[in-house]
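# A structural walkthrough
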Amino acid sequence: MKIAHKFNLDVTTEELQQYQDRIALSCKAFDMVDSLPEPLLPVKYPRTPGYRPRPEENKLNAWYWRCDIKGADTGKLAGKTLAIKDNIPVAGVPMMNGSYVLEGYVPEFDATIVTSILDAGGHILGKSCAEDMSFTGTSFTSAKGAIRNPCKRDHSAGGSSSGSSALVASGDVDMAIGGDQGGSIRVPAAWCGVVGLKPTFGLVPYTGILSMEYTNDHVGPITKNVYDAALLLEVIAGYDNGLDPRQPVNLEVPEYTKLLATSLPGIRIGVVKEGFGLPTSEEDVDTLVKKAAFQMTDLGATVEEISVPEHTIGAMVFNTYATTASIDTMIKECGAGSQYKGFYPSSAVNALHKGYKTRINDLSAVLKCGLLFSDYVKEEYGSYFYAKAQNIRIDITKTFDKILGDYDVLVMPTVPFKAPQLPNEGIAVSDVLAQTNECLPTAKCTT
C-alpha cells in the first residue's frame with residue numbers, strides 16, 4: 001500500500017491482494033536468476049590484496065590502496081608504473097570510490113582497461129583516491145580525507161580524479177587512469193601541472209566501471225607528457241566486443257604516438273572568445289592561455305580568435321542533464337547506469353545498494369544536496385528537463401562539429417582560475433557547498 005500511495009494509485013485491499021498474487025509468480029524468476037552463475041570479466045595476472053598505506057608513505061593522501069600487479073613481460077607499457085582511479089574495479093583489491101557507502105567492497109573482476117594495461121606490460125602499483133562517489137571537482141570530499149596538491153600542499157589537487165593527478169605529478173607513478181564526466185580528468189590534471197585527456201565518447205571501453213551518467217561516462221590517461229598520454233590511449237582504446245554499448249562497432253584506433261608532431265604547418269587553431277573573461281576568470285590565467293595559444297604561430301600554425309556563442313549555454317545544458325541524472329545513476333540505480341545490453345558490475349551494484357541503506361548519512365554534503373535536488377526535479381517534472389537538455393545538446397554538438405571542420409583545435413582555459421586553498425576540517429556545510437559550487441560547470445569550470 002505504501003508503494004501505491006507513492007504513485008497516487010487508488011487501489012482497494014482486494015485489488016492489492018490480487019496484485020500481490022501475480023507478483024509472487026514473478027518473484028520465482030528473480031529467485032532463479034539469483035541462483036544462476038554469471039559471466040565475469042577475466043582476471044589474467046596474479047596479485048595479492050595489498051594494503052592501506054600509512055600516512056608517512058602517503059603524504060599527499062593520494063593513494064587509497066597499494067598493491068603490486070605486474071603485467072606481461074613485454075608490451076607498449078613495459079617498465080611503466082600506473083595508478084588506477086578507485087571507481088575502476090581491480091580484482092582482489094578493495095575499492096570504495098571515495099565513499100563510505102562502498103567501503104569494504106572487493107571486486108572479483110578486472111575492468112577491461114585494467115586487463116589492457118596489464119596485457120601491454122603495465123605495472124599497477126595501486127588505487128588512487130577519488131572524491132566521494134567521484135562527484136566533485138575539488139579534492140576534499142573523499143571519505144579518506146583531502147588529497148593535497150603536490151605543487152602546494154595546502155591547495156586543492158582538483159577532482160574527482162584527485163589522487164591520479166597528484167600521484168603522476170609527484171612522480172609516484174609514471175601514468176594513471178582517471179574518469180571524466182564533467183572535468184574530472186581535466187581539472188586535476190590542470191591544477192597539478194600534468195597532461196590529462198578526456199577521450200572521445202566511446203573510444204575507451206567503460207566496461208565494468210561504475211557509471212555516473214551513461215551518455216557522459218569517460219575514462220582516460222593522466223601522464224607527465226603528451227607522448228605518454230598518446231601511448232596510454234593506444235593501449236586502452238578499442239572496441240570491447242559489444243560489452244560496452246557506448247562504443248561503435250566499427251571503432252578504429254590509430255597509433256596516436258605516430259601522429260604527434262613538433263611543427264604545425266597547416267594547423268588552424270581557434271581561440272574561443274567565450275572561454276575567457278568570465279565573471280569568475282582570473283586575468284593571469286586568461287593571459288597565460290592566450291599567450292601559449294598564439295605562440296603556436298612560431299611552429300607554423302594559424303591562430304585566430306573566434307566566437308562560439310553557443311558555448312555560453314553549454315555549461316547550463318550540461319548541468320541540467322548531467323547533475324540530476326548522475327544522482328539517479330549513482331544512488332538510485334547504484335552505479336548500474338541506464339538500461340542497456342552489455343556487462344554490468346553486479347557485485348558493485350549490490351554493494352552500493354546495501355551501503356546506501358546503511359550509510360547514506362555518511363555521504364558528502366555535496367551528494368546529499370544533489371540527492372535532494374534530483375529527487376525534487378523528478379517528483380515535480382519527471383524526466384522533462386533531462387530530455388530537453390539532451391535534445392539541446394544535439395544542436396550544440398552540431399555547432400562545435402561544424403567549427404571543428406574549419407579549425408583543428410579549439411583553445412580556452414581548462415579551468416579559468418588557479419587551484420584554491422583546501423578548507424579547514426570541520427567546515428560548515430554552507431561553506432562546503434560554496435567551495436564545491438566553484439567547480440560546477442554553472443560557475444567557473446566552463447570547459
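Below, the structure is looked at part by part. What you are looking at is a predicted structure, and each value in this text was computed from that prediction instead of being measured.

## Some thoughts on helix α4 (residues 162-170)
Burial runs high along α4: seven of the nine residues are buried. Of all the positions in α4, only S162, G163, S164, S165, A166, L167 and V168 are classed as buried. Positive backbone phi, approximately 85°, marks G171, located one or two places after α4.

## Some remarks on the pattern of salt bridges
Evaluated as defined, the whole model comprises 22 salt bridges. Residue E56 is joined to R54 by a salt bridge in which the shortest nitrogen-to-oxygen separation is 3.1 Å. Among the salt bridges present, the one from D217 reaches R246, with a minimum N-O distance of 2.8 Å. Of this pair, D217 sits in the loop between β7 (195-196) and β8 (219-223) while R246 is found in the loop between α6 (226-236) and β9 (268-272), placing the two residues 29 residues apart along the sequence. Looking at D217, the relative accessible area reads 2%, which means it is buried. Within the structure, one salt-bridge network assembled from shared partners comprises E103, K144, R359 and D362.

## Quick notes on the side chain of S162
Within the secondary structure, S162 sits in helix α4. Within the structure, S162 has its side chain in polar contact with the side chain of E131 (distance 2.9 Å). Among residues more than four places away in sequence, those in contact with S162 are C129, E131, T138, S139, I147, A157 and P188.

## Here's the deal with the pairing of strand β3 (residues 123-128)
In terms of burial, β3 is a largely internal element, six of the six residues being buried. Relative to β3, strand β1 (residues 63-70) is paired through five bridges, and the arrangement is antiparallel. Paired with W65 across the strands is K127, a residue of β3. Across five bridges, the pairing between strand β2 (residues 81-85) and β3 is parallel. Counterpart to K85 in the pairing with β3 is S128.

## Concerning the nonpolar core
In terms of nonpolar packing, the biggest core is built from 77 residues, with I88, I117, I177, M330 and Y356 touching the most fellow members. Counting residues per element, this core draws most heavily on α6, which supplies six residues. Ignoring anything within four residues of it in the chain, the contact list for I88 reads M95, A111, I113, V114, K127, I177, I209 and V219. Membership of the second largest hydrophobic core comes to 23 residues, among which are F318, A322, Y407 and M412.

## Remarks on the packing of helix α3 (residues 112-119) against α6
Remark: α3 packs on α6, axes separated minimally by 8 Å, with the N-to-C direction vectors making an angle of 115°. Classified by the interaxial angle, the pair formed by α3 and α6 is roughly perpendicular. For the crossing formed where α3 meets α6, the hand is right-handed. Taken together, the residues of α6 that come into contact with α3 (itself represented by I113, S116 and I117) are L232, V235 and I236.

## Comments concerning helix α11 (residues 384-406)
In this model, α11 (23 residues) spans 35 Å end to end at C-alpha, consistent with the 33 Å of a helix rising 1.5 Å per residue. Three or more residues of α11 are buried, namely A389, Q390, I396, T399, F400 and I403. Contacts made by the buried residues of α11 are with β10 (302-306), α8 (311-332) and β11 (409-411).

## Details of the sheet that holds β10
Taken together, three strands build an open sheet; the order of strands is β10-β9-β11 and the sheet is parallel. The open sheet is flanked by β10 and β11, the only strands paired with a single partner. Within the sheet, the average angular offset between the axes of one strand and its neighbour, ignoring direction, is 30°. Two strands pair when backbone bridges link them, and β9 and β11 are joined in this way by three bridges, in the parallel orientation. Each residue of the ladder has a partner; that of I269, found in β11, is V409. Packing against the sheet, helix α7 (residues 283-294) makes contact with β9, β10 and β11, and its axis sits at approximately 140° to β10.

Cut-off values and rules
Residues take numbers from 1 onward in each chain, read along the sequence in its written order. At least 70 in pLDDT is required for a residue's local features to be given in this predicted model, at least 80 for side-chain atom pairs to be given and counted, and no such filter applies to totals for whole chains, interfaces and linings, which use all residues. For the side-chain quantities, the full set of heavy atoms in the structure was used; hydrogens and water were omitted. Three labels apply to residues, based on accessible area from a 1.4 Å probe with only protein chains included: buried if under 20% of the type maximum, exposed if over 50%, partly exposed otherwise in between. Numbering of helices and strands runs from the N terminus, with a helix taken as a DSSP run of H or I at least four residues long and a strand as a DSSP run of E at least two residues long. When a carboxyl oxygen of Asp or Glu lies within 4 Å of a side-chain nitrogen of Lys or Arg, that pair is called a salt bridge. Here a polar contact means two N or O atoms within 3.5 Å. Within protein one must be a hydrogen donor candidate and the other an acceptor candidate, and residues neighboring in sequence count only if both atoms are side-chain atoms. Contacts are assigned to residue pairs with any non-hydrogen atoms lying within 4.5 Å of each other. A strand pair is defined by DSSP finding two or more bridges across the two strands. We call a set of buried Ala, Val, Leu, Ile, Met, Phe, Trp, Tyr and Cys residues a nonpolar core when their side-chain atoms join them within 4.5 Å. In this description, a line fitted to the C-alpha atoms serves as the axis of each element, helices being fitted only across the stretch in contact, and the angle between N-to-C directions of two axes falls anywhere from 0 to 180 degrees. Any angle between 65 and 115 degrees counts as roughly perpendicular, while under 35 counts as roughly parallel, over 145 as roughly antiparallel, and the rest as oblique. Should the near helix be turned counterclockwise from the far one by less than a right angle, the crossing is left-handed, whereas a clockwise turn marks it as right-handed. Expected span of a helix, by definition, is 1.5 Å for each gap between consecutive residues, and there is one gap fewer than residues.

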